[in-house]
Amino acid sequence: MRKSILAVALALTATAANAADLLKPAAAPAAPAPVIEVERNPFSGAYIGVHAGYSQLTDEDDFAGWSGGGQIGFNTTLGAGFVAGIELDGSLSGANFKAADDEYAVKIGNDWIISARGRIGYVIGGAMPYATAGVAWAKFSGRETDIVLDETASLNDTVRLWVIGGGVDYAIPSTNL
């Protein structure tokens, strides 16, 4: 009987201890982390694009033709409105230079051009004027014909070029992107 009383006393003690834990007030919830709103720069991140155009040097059609291609790049925000990035692009071209007289006929065309450039710009509202510089490779082909001697010489050459320029990118407002 003594063992039963001891077992009941132990059981009541243990239950009382557990019940005491249930009555403790819950810890106060942690304060929520502050929300910092950062204005997103529409010119940061990866991008792709296409381009097309037509060139004509003079009214006599000495140099004329189409070109078109695409570009891919990545920009990052430097702070204080400045953006820096890299861009790769490529174009196919049908632009040709043609000239002829009584003795010679020449036709030279730019078949393709690719470039790798760095760029730096400054964001002003929804626009970003930028400067760019880098290296390009272009393939030229053509022929020269000596009309008097009835001989033709061909040109097929890829050259490395330096590129420098600038432009303005515009952000198209959208809530879907």
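Computed from a predicted model, the values in this text were never measured in an experiment.

Definitions and cut-offs
- Residues numbered from 1 in each chain as written.
- Predicted model: local features only at pLDDT ≥ 70, side-chain atom pairs only at ≥ 80, totals over all residues.
- Heavy atoms only, no water.
- Helix = DSSP H or I, 4+ residues; strand = E, 2+ residues; numbered from the N terminus.
- Buried < 20%, exposed > 50% of the residue type's maximum accessible area, 1.4 Å probe, protein only.
- Contact = heavy atoms within 4.5 Å.
- Areas by Shrake-Rupley, 256 points an atom, 1.4 Å probe, with all protein chains shown as cover.
- Salt bridge = Lys/Arg side-chain N within 4 Å of Asp/Glu carboxyl O.
- 1 Å grid on protein atoms, 1.4 Å probe; cavity = no way out; pocket = protein on both sides within 12 Å on 5 of 7 lines; lining within 4 Å.
- Points joined across faces, edges and corners; volume = space filled by probe spheres on them.
- Nonpolar A, V, L, I, M, F, W, Y, C, P; charged D, E, K, R; others polar.
- pLDDT = per-residue confidence, 0-100.
- Pairing = 2+ DSSP bridges.

A. Summary view of the overall build of the protein chain. Across its full length, the protein chain holds 1 helix and 7 strands. In the protein chain, the succession of α and β elements from N to C terminus is α-β-β-β-β-β-β-β. Looking at the protein chain residue by residue over its 177 residues, the buried ones come to 19%. Counted over contacts in the protein chain with a minimum sequence separation of 6, partners at least 24 positions apart contribute 56%. Counting every atom, the protein chain has about 13200 Å² of accessible surface; 63% of that belongs to carbon and sulfur.

B. Structural detail: the pattern of salt bridges. All chains considered together, the criterion is met by 5 salt bridges. Between D169 and R119 there is a salt bridge whose closest N-O contact spans 2.5 Å. Pair noted here: D169 is in strand β7 (residues 151-170) and R119 is in strand β5 (residues 104-122), with a separation of 50 residues, a long-range link. Here D169 falls in the partly exposed class, since its relative accessible area comes to 23%.

C. Just the environment of F82, in detail. Tracing the backbone through its elements, the reader meets F82 in strand β3 (residues 82-93). Setting aside its immediate chain neighbours within four residues, F82 contacts T76, T77, G121 and Y122.

D. Structural context of the layout of surface pockets. In this structure, the largest pocket occupies an estimated 830 Å³ of space. Forming the boundary of the largest pocket are 27 residues, of which P42, F43, Y47, Y170 and A171 lie nearest the centre. Put simply, the parts of the chain that give the lining of the largest pocket at least two residues each are β1 (45-56), β2 (63-79), β3, β5 and β7. Among the elements that line the lining of the largest pocket, the one with the most residues is β1, at 6 residues. Of the residues in the lining of the largest pocket, the class split is 11 nonpolar, 10 polar and 6 charged.

E. Fine view of the confidence of the model for the protein chain. Across the protein chain, the average pLDDT comes to 83, with 79% of residues at 70 or higher. By mean pLDDT, the top-scoring element of the protein chain is β3 (96), and the lowest-scoring one is helix α1 (residues 2-22) (53).

F. Expanded view of the environment of G118. Tracing the sequence through the fold places G118 in strand β5. The partly exposed category is assigned to G118, whose relative accessible area is 32%. With 30 residues separating them in the primary sequence, G118 and L88 have C-alpha atoms 9.1 Å apart. Each residue touching G118, except ones within four places of it in the same chain, is listed here: G85, I86, A131, T132 and A133.

G. Examining the pairing of strand β4 (residues 96-100) more closely. Note that β2 and β4 share 2 bridges and pair antiparallel. Paired with A64 across the strands is N96, a residue of β4. Judged from the 5 bridges that link them, β4 and β5 form a sheet pairing that is antiparallel. By the bridge assignment, A99 is partnered in β5 with V106.

H. Highlighting the environment of V135. For V135, the location among the structural elements is in strand β6 (residues 127-146). With relative accessibility at 17%, the residue V135 sits in the buried group. The spacing of V135 and L161 is 26 residues in sequence and 5.9 Å in space, taken between C-alpha atoms.

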